[in-house]
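Listed below are the residues making up each chain.
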Amino acid sequence: MTKVGEFEELRPLLFSIAYRILGSVSEAEDAVQETWLRFDASTTVPTSVKAFLSTTVTRISIDVLRSARVRREAYVGPWFPEPLLSDPYQDPSRSAELADSVSMAALLLLERLSPLERSVFVLREVFGFGFDDIASAVGRSEAACRQLLVRARRHMEAGRPRFEADRRQRQELAARFFDALHEGDVAGLRDLLAADVQLVGDGGGKAPQLARAVAGADNVARLLAALFPVLTRIDVTLEAREVNGQPGAIVRDRDGRVLYALALDVADGRIQTIRSVINPEKLGHLGPVADAYAIAGEVKRVRRQKG
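As the structure is a prediction and not an experimental result, all values here were calculated from the model.

J.: Sorry, what's going on with the sheet that holds strand 5 (residues 258-267) here?
T.: Whenever strands of a sheet pair, they do so through backbone hydrogen bonds, lying parallel or antiparallel. Spatially, 2-1-6-5-4-3 is the arrangement adopted by the six strands of the open sheet, whose pairing is mixed. At either end of the open sheet lies a strand with only one pairing partner, and these are strand 2 (213-215) and strand 3 (237-243). For this sheet, the mean angle separating the axes of adjacent strands, direction not counted, is 20 degrees. Pairing geometry for strand 1 (residues 193-202) and strand 6 (residues 270-277), over six bridges, is parallel. Residue Gly 201 lies in a different strand from strand 6, and its bridge partner there is Ser 276.

Put into structure tokens, the structure is as follows:
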């Protein structure tokens, strides 16, 4: 197999590693591209191409994450990962586990870890790498990597997100939720929400977000029921999609441009968390991005007319 062929065969795995470490589609794609450049420039033939490329993309991602953390500390409002519609790496025997590991809830939990802890956790717990390869990837001894994993597991177990085990039930509940959303059905929405449900938005100071943080089934149901019928009147559409391995949707303006992404956490037969990402800098990889401020202006105008 040619060098290009070997790399392309492993590209899905490399992207999936980088995305879970970075929580950013654009940064993960850049890390994969830099990995290719280093592989292409190398004059030595690695014993294992997979180990060489995985090590390279991990080290690049760790460096990027360290610099990204400074930006995230200064981020306006809550920081969410960039929405991912499809994970290119597939393993049919572990599809549910891989989907849960890329959920927004899991990625936000990974944010609590140091870059080294996060990388060791991803390589070991998600992709099943041996400690010898992990040690090479992060530049630490195997013993040190085992300790890093222990600390990472402790943090992750403390806040591990719960999801509905049956993926079909998740999707059915999400479909009912989006139907009630479209109709502005407060009671219907309330019945699908956990009592302590949270609605959280990420505008990053770049867009008028759906909500900074709203809690409680009644509050969330009333807010959503008041907003979405108005959006429908100005030809905003909701496209049900899997977002970060969980039920979700892409909301588009009348011209098909992406307004924001919604991701739902479903457990115990109820929606536990609703996350909306409207920061335009996080949506560009999904297609042309809508002018959220213009949409907000239209919503206000329709509401005044209705009033």
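Past the structure itself, the notes keep going.
J.: What's the story with unusual backbone geometry in this structure? I'm lost.
T.: Both trends apply: most residues other than glycine have a negative phi, and most peptide bonds are in trans. Even without being glycine, Asp 235 reaches a positive phi, approximately 70 degrees. Checked against the element boundaries, Asp 235 lands in the loop between helix 11 (217-233) and strand 3. Although it is not a glycine, Asp 268 sits at a positive phi angle of roughly 55 degrees. Counting through the fold element by element, Asp 268 comes out in the loop between strand 5 and strand 6. For Asp 268, a relative accessible area of 57% gives the class exposed.

J.: Explanation requested: the side chain of Ser 24 in the structure shown.
T.: For Ser 24, the position within the fold is in the loop between helix 1 (3-22) and helix 2 (25-41). For Ser 24, a relative accessible area of 4% gives the class buried. When residues no more than four places from it in sequence are discounted, the contact partners of Ser 24 are Tyr 19 and Glu 82.

J.: Just to check I follow, could you spell out the environment of Leu 148 for this structure?
T.: Inspection of the secondary structure puts Leu 148 in helix 8 (residues 142-159). For the pair Leu 148 and Leu 113, spaced 35 residues apart in the sequence, the C-alpha separation amounts to 9.8 Å. Setting aside residues up to four positions removed in sequence, Leu 148 forms contacts with Leu 116, Glu 117 and Val 120.

J.: Teacher, can you tell me more about a negative patch on the surface here?
T.: A surface patch of like charges, here negative, comprises Asp 179, Glu 183, Asp 185 and Asp 191. Position of Asp 185 relative to the elements: it lies in the loop between helix 9 (167-183) and helix 10 (186-192).

Cut-offs applied
Residues numbered from 1 in each chain as written. Predicted model: local features only at pLDDT ≥ 70, side-chain atom pairs only at ≥ 80, totals over all residues. Heavy atoms only, no water. Pairing = 2+ DSSP bridges. Helix = DSSP H or I, 4+ residues; strand = E, 2+ residues; numbered from the N terminus. Axes fitted to C-alpha atoms, helices over the stretch in contact; angles between N-to-C directions. Buried < 20%, exposed > 50% of the residue type's maximum accessible area, 1.4 Å probe, protein only. Contact = heavy atoms within 4.5 Å. Patch = residues over 30% accessible without salt bridge, like charges linked within 9 Å, V, L, I, M, F, W, Y side chains within 5 Å. Areas by Shrake-Rupley, 256 points an atom, 1.4 Å probe, with all protein chains shown as cover. Salt bridge = Lys/Arg side-chain N within 4 Å of Asp/Glu carboxyl O. Lys, Arg positive; Asp, Glu negative; His and termini not counted. Charge placed at Lys NZ, Arg CZ, Asp CG, Glu CD.

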